[in-house]
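Geometric and topological summary
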Amino acid sequence: MKLYYDPADGRALFTLAVPDDQAPPGVWIEIDDTLHPLDVSAHCVVEGMLVPVENVVAARLDAVTAINEAVGAKRQNFITEIPGQQMIYQAKEAEARAYVALDPEPASLEGFPLIGAEIGITAPTAWELAQVWLNMGDMWRATAATLESIRLTAIGAVGNAGSTAEIDLAVATCFSALEAA
């Protein structure tokens, strides 16, 4: 089987199953008949050899998906993934901020239902509970910033990569950074 290609860029053009003496003019290489039918758009000829063309666009999409999934999995080490839980965490932190901003400390927990529901479970007093929630919020933001930096750096490297090898390196670097985080 003959694979005709453009000698300027190696782009595969078409295949023909004809004897050498019947081959039309043009530049071609002999390829194994078992490769028929061959997706010529996915191949090129380099130094007389048939090679697959890197699909950098598809590799980028796959890499970004893998990066986002890996970062999401890492985040789950630090948060409780239950429907609505993120909203609860945000409400607790907002309630804690409002509580500690009051001077003097309120005599009742009216207007602070989440604090009232958790006193004695996580901390013995409303003030201590508010401090726990505020500290947890600060710790999460620091962790989230680290993970987001890793994620965005990796996605940027994938977007700037010119080959699948560079894309693979960006993903591997991301995974190593996540493991260390």
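Residues numbered from 1 in each chain as written. Predicted model: local features only at pLDDT ≥ 70, side-chain atom pairs only at ≥ 80, totals over all residues. Heavy atoms only, no water.

Description of helix α1 (residues 56-75)
- Its 20 residues place the ends of α1 28 Å apart at the C-alpha level, agreeing with the 28 Å of an ideal helix rising 1.5 Å per residue.
- Those residues of α1 that sit buried are V56, A59, A63, I67, V71 and K74. One side of α1 carries all its buried residues, which in axial view fall inside an arc of 95°. Seen from the buried face of α1, the exposed residues on the opposite side, beyond 90 degrees, are V57, L61, D62 and E69.
- Looking at the packing, one finds that the buried side of α1 touches α4 (126-160) and α5 (164-180). (Helix = DSSP H or I, 4+ residues; strand = E, 2+ residues; numbered from the N terminus. Expected span 1.5 Å × (residues − 1). Buried < 20%, exposed > 50% of the residue type's maximum accessible area, 1.4 Å probe, protein only. Arc of directions from axis to C-beta. Contact = heavy atoms within 4.5 Å.)

Some points on the nonpolar core
- Among the nonpolar cores identified, the biggest contains 15 residues, and I67, V158, I167, C174 and L178 are the most heavily contacted of them.
- Secondary structure elements with two or more residues in this core: α1, α4 and α5.
- Once residues lying within four places of it in the same chain are set aside, the contact partners of L178 are A70, V71, K74, L147 and I150.
- By size, the runner-up hydrophobic cluster in this structure holds ten residues, among which are A96, F112, W133 and L134. (Core = buried A, V, L, I, M, F, W, Y, C linked by side-chain atoms within 4.5 Å.)

Some remarks on the packing of α1 against α5
- Viewed as axis vectors pointing N to C, α1 and α5 meet at an angle of 5°, and their least axial separation amounts to 10 Å. Classified by the angle between their axes, α1 and α5 sit roughly parallel to one another. Contact residues: V56, A59, R60, A63, A66, I67, A70, V71 and K74 in α1; T164, I167, V171, C174, F175, L178 and E179 in α5.
- For the contact of α1 with α5, a count of residues per class yields twelve nonpolar, one polar and three charged. (Axes fitted to C-alpha atoms, helices over the stretch in contact; angles between N-to-C directions. Parallel < 35°, antiparallel > 145°, perpendicular 65-115°, else oblique. Nonpolar A, V, L, I, M, F, W, Y, C, P; charged D, E, K, R; others polar.)

What to know about the pattern of salt bridges
- Taken as a whole and assessed by the stated rule, the structure comprises ten salt bridges.
- Taking the shortest distance from any N to any O, the salt bridge between R11 and D9 comes out at 3.4 Å.
- A residue is classified by how much of its surface remains accessible, and D9, at 48% relative accessible area, is partly exposed.
- Among the salt bridges present, the one from R75 reaches E148, with a minimum N-O distance of 2.9 Å. With a gap of 73 residues between them, R75 in helix α1 and E148 in helix α4 connect regions that are remote in the sequence.
- Taken together, the shared-partner salt bridges connect E93, R97, D138 and R141 into one network. (Salt bridge = Lys/Arg side-chain N within 4 Å of Asp/Glu carboxyl O.)

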